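Summary of structural features
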Amino acid sequence: MNIVSQSLSSSAAPISRAHCLAMDAADTLASRRDLFALPQDVIYLDGNSLGAMPKAVPSRMTQAIEQEWAVGLIRSWNDADWYPAPQRVGGRIASLIGAKPNEVIVADSTSVNLFKLLVSALRMRAGRNVILGENGNFPTDAYVASGVAELTGAQHRAVAPADVMAALTEDVAVLTLTHVNYKSGQAYDMAAVTRRAHEVGALVIWDLAHTAGAMPCDLNGCEADFAVGCGYKYLNGGPGAPSFVFVAERHHESVRQPITGWHGHAKPFEFTQTYVPAPGIDRMLVGTAPQMGLFALEAALTAFDGVDMQALRAKSLALTELFIRLVDQELSEHGFGLATPREAGLRGSQVSLTHAEGYAIVQALIARGVIGDFRAPDILRFGFAALYLSHADVWDAIATLKDVMVSGIWRSAEFMARKAVT
Ligand SMILES: Cc1ncc(COP(=O)(O)O)c(C=O)c1O
Ligand SMILES: Nc1ccccc1C(=O)C[C@H](N)C(=O)O
């Protein structure tokens, strides 16, 4: 039972702001908020798109720029340990996703890492030619799968999430899914899906964009093959932070990724003319790593030091449950639907509402300091980063949304007309 159920189940009384403050007083993660620089007048519910900035980042960047780059110059590749940063930061992320440190490396973007893994998986399942995906996945996942299919002659087959299990047939080389859907916030049962895929001999790539740092994940416990994810969402690495890629140790020998750049070479500084893949996870590298992005991400990850991911999950579920209950309690007359499962076990760390006028409503909310986002055609999306949100924030966000609806302010031309960029 989570903190909301505990404090509310015994009473049928409406939830009040005082209840929320009581939950904050009992919140063991509450002090983590001080690790983040967030404007006073903002309630930030968009950490599933761009995480907030950890205060540890600016001083690390200043040191990297003013000392390591300006003074150390090229010597810093060795003297400041720039060279092993992809492995080092990968090792930190591994601890958040149920992987061993040598199974995760940070490189490139999520889209590029998906490309590398899809081609690798097809090569490992020669004789099978289907990439199985899901309808409604984040577009880049579908685009990259189609691009790989076009390049390799494979077939990209996308089915409804509910039909994935049945679509796992013996011609599937690789199944590619996003663990927590970016629109609905619904999560797959990673263990069950991976098991079924393996029963038919398929490999699985999990996109953890909306999972890593948002909730616990046990890649090795699920015997996952491959995974990718973003550094800039719940890991708070900053805009365009590099992505991470996971390859289970048992596949390290056989995985051959297609972008055979020199940093994935066994001996990059021998400058030979023939490509020989590096042993282990290093072969997933391509070219020179974006060091500044790595440093920001590395500093950002210190916000997770000592965090029990089960406690983080409990708080995340408490926040999302509270939000859902308050929508029921405060907004029932305003035409919102719920696109996210009420059942906690099926939910990631976001709540999505539906409303035909969602775009204008989100714009009006943002103008009042509650930052969520809109996803066409009718989704109002709210991400809950348990490290920096409080239960009172949830109350205040709902109160602002109610005010936007009751006042009808969202109908003003300003909000109806503004163009969405995020
Ligand atoms: C599920 C998912 N995959 C991938 C991405 C992004 O990939 P990239 O970092 O390559 O832009 C996102 C968000 O942008 C996402 O939500
Ligand atoms: N990388 C971005 C750059 C600009 C605007 C949004 C994004 C996102 O990450 C969107 C996110 N993946 C989503 O789930 O909608």
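All residue numbers refer to position in the chain's written sequence, counted from 1. Starting at A for chains and at 1 for ligands, labels are handed out in the order in which the entities are written. Residue-level local features of this predicted model are given only where pLDDT is at least 70; pairs of side-chain atoms are given and counted only at 80 or more, and the full residue set underlies all totals for whole chains, interfaces and linings. Remark: hydrogens and water are excluded; side-chain values derive from all non-hydrogen atoms of the structure.

**Quick word on the sheet that holds strand β11 (residues 337-338)**
Just so we agree on the cut-off: Note on pairing: two strands pair once DSSP finds at least 2 bridges between them. A run of H or I in DSSP counts as a helix once it spans at least four residues, and a run of E counts as a strand once it spans at least two, with each numbered from the N terminus. Note on contacts: a residue pair qualifies if any of its non-hydrogen atoms lie within 4.5 Å across the two residues. Helix axes are fitted only over the stretch in contact, all axes being lines through C-alpha atoms; the angle between N-to-C directions runs from 0 to 180 degrees.
Strand order in this open sheet of four strands is β11-β12-β15-β14, and the pairing throughout is antiparallel. Strand pairing shows two members of the sheet lacking a second neighbour, β11 and β14 (373-375), which therefore form its edges. Here β11 pairs with strand β12 (residues 350-354) via two bridges, running antiparallel. By the bridge assignment for β12, Leu338 is matched with Leu353. The strands touched by helix α11 (residues 309-330) are β11, β12 and β15 (379-383); relative to β12, the strand with the most contacts, the crossing angle is about 25°.

**With respect to the pattern of salt bridges**
As a reminder of what qualifies: We count a salt bridge whenever a side-chain nitrogen from Lys or Arg sits within 4 Å of a carboxyl oxygen from Asp or Glu. Here the term buried applies to any residue with accessible area under 20% of the maximum for its type, exposed to any over 50%, and partly exposed to those in between, with areas from a 1.4 Å probe on protein chains only.
Summed over the entire model, instances satisfying the criterion amount to 17 salt bridges. For Glu298, the salt bridge is made with Arg88, and the minimal N-O distance between the two is 2.7 Å. Pair noted here: Glu298 is in helix α10 (residues 291-301) and Arg88 is in helix α5 (residues 85-97), with a separation of 210 residues, a long-range link. Classification of Glu298 as buried rests on a relative accessible area of 15%. For Arg88, a relative accessible area of 31% corresponds to the partly exposed category. Notably, a salt bridge pairs Arg250 with Asp225, separated by 3.1 Å at the nearest N-O pair. You can see Arg250 sitting in the loop between β10 (244-247) and α10 and its partner Asp225 sitting in the loop between β8 (203-207) and β9 (226-229), a full 25 residues away along the chain. Owing to a relative accessible area of 46%, Arg250 belongs among the partly exposed residues under this scheme.

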